[in-house]
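Structural overview
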Amino acid sequence: MKHPKLVRNPKTPVKVVIESESPNEYGERVVLLDASFLCNYQDAASVRHTADKQTPSITGTVYIDGDICPDAAVISCGHVVIFGERREIAKGCKARNLDGSVNYTRLDVI
């Protein structure tokens, strides 16, 4: 059965660095992936008001077709470079088809 591609016409270049969840015996995280892709990118900005100050917050979501890191079951650490800005990965998701294959990878970044 052929599943439809949910990420179509990606045009935004992004560099993705994915690291292991736990550090090795030297306290360093192992780089699992360091590659460039084309993605669909959505971002949002908000300002949080507290009694002391206003804090801007910028978040974004990177959508990449397919499984970008098949060696990692879970994506939780790393960063992306998009539009010249480095953003940390807050959450990663592999959206699966009914047969268990990965349709697209979503990275929520801050």
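In what follows, the structure referred to is the one given above.
Quick look at the structure, then. (Residues numbered from 1 in each chain as written. Predicted model: local features only at pLDDT ≥ 70, side-chain atom pairs only at ≥ 80, totals over all residues. Heavy atoms only, no water.)

Describing an aromatic ring pair means giving the distance of the ring centres and the angle of the ring planes. For the coordinates displayed, the defined rule picks out 2 aromatic pairs. Between Tyr-41 and Phe-83, the ring centres sit 5.8 Å apart and the planes meet at 70 degrees, which makes this aromatic pair edge-to-face. One end of the pair, Tyr-41, is in strand β2 (residues 31–49); the other, Phe-83, is in the loop between β4 (77–82) and β5 (85–96), and 42 residues separate them in sequence. On the basis of relative accessibility, which here comes to 11%, the residue Tyr-41 falls in the buried class. (Phe/Tyr/Trp six-rings, centres within 6.5 Å; stacked < 30°, edge-to-face > 60°. Helix = DSSP H or I, 4+ residues; strand = E, 2+ residues; numbered from the N terminus. Buried < 20%, exposed > 50% of the residue type's maximum accessible area, 1.4 Å probe, protein only.)

Now for the nonpolar core. Grouped together as the largest cluster of nonpolar side chains are 17 residues, with contacts concentrated most on Val-14, Val-16, Ile-68 and Leu-107. Of all the secondary-structure elements, those providing two or more residues to this core are β1 (12–19), β2, β3 (54–65), β4 and β6 (102–109). In this view, Val-16 contacts Leu-33, Asp-34, Ala-35, Phe-37, Ile-64, Ile-68, His-79, Val-80 and Leu-107; residues no more than four positions away in its chain are not counted. (Core = buried A, V, L, I, M, F, W, Y, C linked by side-chain atoms within 4.5 Å. Contact = heavy atoms within 4.5 Å.)

Taken across its 6 residues, β4 has 5 buried, putting it largely inside the fold. Pairing of β1 with β4, which is carried by 6 bridges, proceeds in the antiparallel orientation. In the sheet register, Val-17 faces β4, and the bridge partner there is His-79. Taking the residues that link successive antiparallel strands as the turn, the β4-β5 hairpin has 2 residues, and the phi of Phe-83 there is positive, at about 55 degrees. (Pairing = 2+ DSSP bridges.)

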